Amino acid sequence: MSRIVDEPYFIHSAYSAFTTGIQVKCPKCHGAGVVTADDDNAYFRCLCCGHQETRDRTIYRYDVHNQCKNCDRYYRVDIEDEARQHFPVLHVACPYCGTTMPGEVHKTAEAFSYGAEIQGDKDPWFGLELWFLTSFQGKPVWALNREHLAYLIDYLSADLREKPSGSQKKTQADHLPTFMKTAKNRERIVKLLKKLQEK
């Protein structure tokens with residue numbers, strides 16, 4: 001009888017996987033690539049063709065703030081349209097009197113974005129499809145990397161699954177959708193996951 005003691009909740013989260021790497025499909029050659037991150041940026045590197053990308057993890061606020069030449073009041077207008085955020089000067093209307101006048105666009109760092117949730121079957125920073133991805137009855141089944149894939153296989157194929165001792169209330173299995181943990185599906189899902197190991 002195989003037995004597994006489940007792991008803590010955040011061991012295989014997208015946020016923790018940024019240090020070990022989230023394996024994704026390269027947008028150029030469709031080979032295997034890795035997304036990692038540090039405090040400032042997220043990085044993509046293809047292991048096949050060498051293609052690389054970098055994304056800033058800071059959230060910026062873009063606005064025009066000025067003193068209205070008509071009503072003499074100070075105002076701030078947020079620029080939400082990404083296409084307009086990169087102009088040095090924009091014509092905006094004073095929110096108090098409606099007078100349109102030019103103003104300098106200011107870019108201010110507001111916060112650091114963790115953005116660490118998998119969106120559908122894509123990584124949170126570049127929107128690249130996960131490398132270890134398949135489906136079961138129309139539902140996506142994925143793993144962040146080889147370590148996560150090995151955990152899923154071990155957990156789902158075990159005869160006895162136990163929570164870790166101690167004060168931990170949530171475990172890694174709490175991330176898993178119900179259809180994966182259902183007894184009648186586990187064996188077929190493990191077969192799909194083992195096929196992914198061959199990639």
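Refer to the structure printed above.
Calculation rules
- Residues numbered from 1 in each chain as written.
- Predicted model: local features only at pLDDT ≥ 70, side-chain atom pairs only at ≥ 80, totals over all residues.
- Heavy atoms only, no water.
- Helix = DSSP H or I, 4+ residues; strand = E, 2+ residues; numbered from the N terminus.
- Contact = heavy atoms within 4.5 Å.
- Phe/Tyr/Trp six-rings, centres within 6.5 Å; stacked < 30°, edge-to-face > 60°.
- Buried < 20%, exposed > 50% of the residue type's maximum accessible area, 1.4 Å probe, protein only.
- Lys NZ or Arg CZ within 6 Å of the ring centre and 35° of its normal.
- Pairing = 2+ DSSP bridges.
- 1 Å grid on protein atoms, 1.4 Å probe; cavity = no way out; pocket = protein on both sides within 12 Å on 5 of 7 lines; lining within 4 Å.
- Points joined across faces, edges and corners; volume = space filled by probe spheres on them.
- Nonpolar A, V, L, I, M, F, W, Y, C, P; charged D, E, K, R; others polar.
- Disulfide = S-S within 2.5 Å.
- Salt bridge = Lys/Arg side-chain N within 4 Å of Asp/Glu carboxyl O.
- Expected span 1.5 Å × (residues − 1).

Draft legend 1. Representation of the environment of Gln85. Tracing the chain through its elements places Gln85 in the loop between β7 (74–78) and β8 (89–93). For Gln85, the contacting residues outside a window of four places in its chain are Tyr62, Ile79, Glu80 and Val105.

Draft legend 2. Focus on the packing of aromatic side chains. Scanning all chains against the criterion turns up three aromatic pairs. With 5.8 Å between their ring centres and 25° between their planes, Tyr151 and Tyr155 make a pair best called stacked. Placement of the pair is Tyr151 and Tyr155 together in helix α2 (residues 146–157), with a separation of four residues, close to one helical turn. Accessibility expressed as a relative area gives 3% for Tyr151, which makes it buried. Positioned above the aromatic ring of Tyr96 is the side chain of Arg73, whose terminal nitrogen or guanidinium carbon lies 3.7 Å from the ring centre. A cation sits over an aromatic face here: Lys199 above Trp131, 4.2 Å from the ring centre.

Draft legend 3. View of the pairing of strand β11 (residues 139–143). Bridge analysis of strand β10 (residues 132–136) against β11 gives five bridges, and the strand direction is antiparallel. Residue pairing for β11: Phe132 is matched across the bridge by Ala143. What sits between β10 and β11 in their antiparallel hairpin is a turn of two residues, with Gln137 showing a positive phi close to 50°.

Draft legend 4. Spatial organisation of the layout of surface pockets. Considered as a void within the structure, the largest pocket measures approximately 430 Å³ in volume. As for the largest pocket, its lining consists of 20 residues, and the residues nearest its centre are His12, Glu117, Ile118, Trp142 and His175. When residues of the lining of the largest pocket are traced back to their parent elements, those giving at least two are α1 (14–20), β11 and α2. Looking at the lining of the largest pocket, its residues break down into 13 nonpolar, six polar and one charged. Reported here for the second largest pocket is a volume of approximately 180 Å³. Taken together, Thr58, Ile59, Tyr60, Tyr62, Glu80, Glu82 and Gln85 make up the lining of the second largest pocket.

Draft legend 5. Just the state of the cysteines, in detail. Tallied over the full model, the rule gives zero disulfides. Unpaired in this structure, Cys26 has its nearest cysteine sulfur neighbour in Cys46, at a distance of 3.7 Å. Take Cys48: it sits in no disulfide, and the sulfur closest to it among the cysteines is that of Cys46, at 4.6 Å. Residue Cys48 is classed as exposed on the basis of its relative accessible area, which comes to 55%.

Draft legend 6. Spotlight on the pattern of salt bridges. This structure, assessed with the given rule, holds seven salt bridges. Linked by salt bridges that have partners in common, Arg61, Asp63, Arg76 and Asp78 make up one network.

Draft legend 7. Broad picture of α2. Between its terminal C-alpha atoms α2 stretches 16 Å, which fits the 16 Å expected from 12 residues at 1.5 Å a residue. Against β1 (3–5), β10, β11, β12 (160–162), α3 (178–181) and α4 (183–197) lie the buried residues of α2.

Draft legend 8. Region of the structure containing unusual backbone geometry. A positive phi is found at Asp72, a non-glycine position, where the angle reads about 70°. By secondary structure assignment, the location of Asp72 is in the loop between β6 (58–67) and β7. Residue Gln137 is not a glycine yet carries a positive backbone phi of 50°. By the element assignment, Gln137 lies in the loop between β10 and β11. On the basis of relative accessible area, Gln137 is assigned to the exposed category, the value being 56%.

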